[in-house]
Amino acid sequence: MDMATESAESICSKIHSLLDLLPLFTDPSLVPFIDGLYFFYEKGESSFHGPEGRVVRVGNHPRSDGNLIGRLRQHYFGNKNASVFRKFLGGALLRAANQNHPCLSPGPGLGHWEKQDARTCERCQPVEVQVSALFQSRFKFRCVEIVDRHERNKFEALLIASLATCSVCRPTAHWIGLSAYSSKIHKCGLWNSQHVNGMIMNSNDIQRFAELVKNSYKKESL
Ligand SMILES: [Zn+2]
Ligand SMILES: [Zn+2]
C-alpha cells in the first residue's frame, strides 16, 4: 500500500481508537507528565469514529516546555485573554444567547470579548464564571506525552488537520461551536482555527503516534 494515500477518514478512525485507550481526565492536576498534547471531549458530541465521544479540540503548549498542566489550568480556571479556547467558548455562549450582544459588536471577532487582550466589561465578566462551569460540567480531556517540542508542534498540526479533514465526523446540529465567531470552527467541527487546512498524517506518523499513546498509557494507568 502506498503510504501517502491513507485517507483522512482512516486516519481519523485510528486517532480516535488510539486515544480511547487513555483515561479521561476532568482535573488538570491529575496529568502525570508536563509535556504533551491534550484532546478535549464534549458532552453530547460523538461521531462515527468517536462513538463514545469525538475529539473537539487538540491543544498544545507550543512555545514553552513543561507547561502542559499550566496550559490546561488556564483553560479551566483562567480568563479569556489567557486562553483562546475560553475566548471561543464565551463568545459562542454570548452569541447563542443574543446574536447582537453588545460585548460582541461591531462584528464577529471584533468585540471586546472576542478580541485578544481587550478587557471584559461588567456585562461579560460573569461569562468567565459560565465558561469555567462549562469546563467542569461538559468537558473531559485525554493527554499524550510528547517531550520534544519540535515533535509536539509537528503532531499538533498534523492531528488537527487530520481530524478537521475527516468527512465523516461532523459536529451535531446543536453544537455550541456553531455559534463561535470563526467560520473555521463551524467548518471543521473543532474548537481550533489554526492548522485546520494543513497536511494530514501518513502511516509513519500514525505508527509513531501509536507509540506515544502507548507510552503515555503506561504512565497514566499507574
Ligand atoms: Zn462586555
Ligand atoms: Zn472521523
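Up top is the structure.
Let me begin by describing the structure that accompanies this report. (Residues numbered from 1 in each chain as written. Chains lettered and ligands numbered in written order. Predicted model: local features only at pLDDT ≥ 70, side-chain atom pairs only at ≥ 80, totals over all residues. Heavy atoms only, no water.)

Things to note about the pairing of strand β1 (residues 36-42)
As a general feature of sheets, a regular strand has side chains that alternate between the two faces.
Move 1: Most of β1 sits out of view: seven of its seven residues are buried.
Move 2: Both β1 and strand β3 (residues 139-145) contribute to a ladder of seven bridges, which runs antiparallel. Within β3, the position partnered with Tyr41 by the bridge is Lys140.
Move 3: The pairing of β1 with strand β2 (residues 55-59) spans four bridges and is antiparallel. Residue pairing in the sheet places Tyr38 in a bridge with Gly59 of β2. (Buried < 20%, exposed > 50% of the residue type's maximum accessible area, 1.4 Å probe, protein only. Helix = DSSP H or I, 4+ residues; strand = E, 2+ residues; numbered from the N terminus. Pairing = 2+ DSSP bridges.)

A short note on the coordination of the zinc ion (ligand 1)
Move 1: Within the protein, the atoms that donate to the zinc ion (ligand 1) are Cys103 (SG), His112 (NE2), Cys121 (SG) and Cys124 (SG), at distances of 2.1 to 2.3 Å.
Move 2: In terms of primary sequence, the donors binding the zinc ion (ligand 1) are separated according to C-x8-H-x8-C-x2-C. Here His112 is found in the loop between α3 (84-97) and α4 (125-138), whereas its partner Cys124 is found in the loop between α3 and α4, with 12 residues between them in sequence. (Donors = N, O, S within 2.8 Å, 3.2 Å for Na, K, Ca; no water.)

Quick notes on the coordination of the zinc ion (ligand 2)
Move 1: The zinc ion (ligand 2) binds to the protein through Cys12 (SG), His49 (ND1), Cys166 (SG) and Cys169 (SG); the donor distances cover 2.1 to 2.4 Å.
Move 2: Classification of the site at the zinc ion (ligand 2) as tetrahedral follows from its four donor atoms and the range of 100 to 121 degrees in their angles at the metal.
Move 3: Spacing between the donor residues of the zinc ion (ligand 2) along the chain follows C-x36-H-x116-C-x2-C. Linking Cys12 in helix α1 (residues 8-19) with His49 in the loop between β1 and β2, this pair joins segments that are 37 residues apart in sequence.
Move 4: Residue His49 is classed as buried on the basis of its relative accessible area of 12%. (Tetrahedral: all angles 85-135°; square planar, octahedral: opposite > 155°, others 65-115°.)

Some details on the side chain of Glu156
Move 1: Among the structural elements, Glu156 can be located in helix α5 (residues 149-165).
Move 2: Although Glu156 lies buried, it forms no salt bridge, and the closest oppositely charged side chain, Arg57, sits 6.3 Å away as judged by the N-O distance.
Move 3: The contacts of Glu156, once residues within four sequence positions are left out, are Leu37, Asn60, Pro62 and His195. (Lys, Arg positive; Asp, Glu negative; His and termini not counted. Salt bridge = Lys/Arg side-chain N within 4 Å of Asp/Glu carboxyl O. Contact = heavy atoms within 4.5 Å.)

Focus: the sheet that holds β1
Move 1: An order of β2-β1-β3 is seen for the three strands of this open sheet, with the pairing classed as antiparallel. Unpaired on one side and paired on the other, β2 and β3 mark the two borders of the sheet. For this sheet, the mean angle separating the axes of adjacent strands, direction not counted, is 25 degrees.
Move 2: Against the sheet, helix α7 (residues 203-220) makes contact with β1 and β3, and its axis sits at roughly 110 degrees relative to β3, the strand it touches most. (Axes fitted to C-alpha atoms, helices over the stretch in contact; angles between N-to-C directions.)

Focus on the side chain of Asp205
Move 1: Inspection of the secondary structure puts Asp205 in helix α7.
Move 2: The contacts of Asp205, once residues within four sequence positions are left out, are Lys154, Phe155 and Leu158.

Here's the deal with the environment of Glu128
Move 1: When you line up the elements, Glu128 lands in helix α4.
Move 2: With 38 residues separating them in the primary sequence, Glu128 and Gly90 have C-alpha atoms 7.2 Å apart.
Move 3: Non-local contacts of Glu128, meaning those with residues more than four positions away in its chain, are made with Gly78, Asn79, Lys80, Arg86, Trp113 and Thr120.

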